[in-house]
Amino acid sequence: MAAAASSSDQNALMAGLRGIKAEEPPLAAQRDIVLNHYEEILNLYGHDNGVRIARKHVGWYTSGLHSSAEFRQTVNRMADAGPVKEAIRVFYDGLLQRG
């Protein structure tokens, strides 16, 4: 079951519906969102289909971030969810260390 949206998530959604660009969440929050969404996709579609389906979502989340093209190329070749989740953590943690 998905977690309830926080009031800040709801505010961002409402701003988006009004055409107002909301601030992006901090990188640590983005990492947590990606990992949670990834897990939800796996729960919904099962492991094999979920890994494949989640690739496009991981791509959308990471698009425009430093070294994201190389990251996506690597992740898109992975067939097991465990290493993908670890790669997501390592990717975002590297961005956090960069500042």
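Quick caveat: nothing in here was measured; it's all calculated off a predicted structure.

Secondary structure summary: the protein chain contains five helices and zero strands in total. Mapped in sequence order, the helices and strands of the protein chain form the string α-α-α-α-α. Taking the principal axes of its C-alpha atoms as reference, the protein chain extends roughly 40 × 35 × 20 Å. Residues counted as buried form 26% of the 99 residues belonging to the protein chain. At a minimum sequence separation of 6, the contacts of the protein chain that also span at least 24 residues come to 60%. Per element, the accessible surface of the protein chain, about 6700 Å² overall, is 54% carbon and sulfur. One finds the centroid of the 11 positive side-chain charges in the protein chain at a distance of 6 Å from the centroid of its 11 negative side-chain charges.

Judged by nonpolar contacts, the single largest core of 17 residues is most densely connected at Tyr38, Val58, Phe71, Ile88 and Tyr92. For this core, the secondary structure elements donating two or more residues are helix H2 (27-45), helix H3 (47-62), helix H4 (68-76) and helix H5 (81-98). If you tally residues by element for this core, the top one is H5, at seven residues. Sequence-distant contacts of valine 58, that is, excluding residues within four places in its chain, are made with Val34, Tyr38, Phe71 and Ile88.

Attention shifts here to the pattern of salt bridges. Side chains that carry opposite charge are capable of pairing whenever their charged atoms lie near each other. For the coordinates displayed, the defined rule picks out four salt bridges. Ionic pairing is found between aspartate 93 and arginine 31, a salt bridge with its closest N-O pair at 2.7 Å. Highlighted residues: aspartate 93 in helix H5 and arginine 31 in helix H2, separated in sequence by 62 residues. A salt bridge links glutamate 39 to lysine 85; the shortest N-O distance between them is 2.8 Å.

Before going further, it helps to examine a nonpolar patch on the surface. Together, Leu13, Met14 and Leu17 make up a nonpolar patch on the protein surface, roughly 320 Å² of accessible area in all. Along the polypeptide, methionine 14 turns up in helix H1 (residues 7-17). Relative accessible area serves as the criterion here: at 38%, methionine 14 is assigned to the partly exposed category.

At a closest axis distance of 10 Å, the pairing of H4 and H5 adopts a crossing angle of 170°. Put simply, H4 runs roughly antiparallel to H5. Note on element contacts: H5 touches H4 through Val84, Ala87, Ile88 and Phe91, opposite Ser68, Phe71 and Val75. Considered class by class, the residues forming the contact of H4 with H5 number six nonpolar, one polar and no charged.

What counts, and at which threshold
- Residues numbered from 1 in each chain as written.
- Predicted model: local features only at pLDDT ≥ 70, side-chain atom pairs only at ≥ 80, totals over all residues.
- Heavy atoms only, no water.
- Helix = DSSP H or I, 4+ residues; strand = E, 2+ residues; numbered from the N terminus.
- Buried < 20%, exposed > 50% of the residue type's maximum accessible area, 1.4 Å probe, protein only.
- Contact = heavy atoms within 4.5 Å.
- Areas by Shrake-Rupley, 256 points an atom, 1.4 Å probe, with all protein chains shown as cover.
- Lys, Arg positive; Asp, Glu negative; His and termini not counted.
- Charge placed at Lys NZ, Arg CZ, Asp CG, Glu CD.
- Core = buried A, V, L, I, M, F, W, Y, C linked by side-chain atoms within 4.5 Å.
- Salt bridge = Lys/Arg side-chain N within 4 Å of Asp/Glu carboxyl O.
- Patch = residues over 30% accessible without salt bridge, like charges linked within 9 Å, V, L, I, M, F, W, Y side chains within 5 Å.
- Axes fitted to C-alpha atoms, helices over the stretch in contact; angles between N-to-C directions.
- Parallel < 35°, antiparallel > 145°, perpendicular 65-115°, else oblique.
- Nonpolar A, V, L, I, M, F, W, Y, C, P; charged D, E, K, R; others polar.

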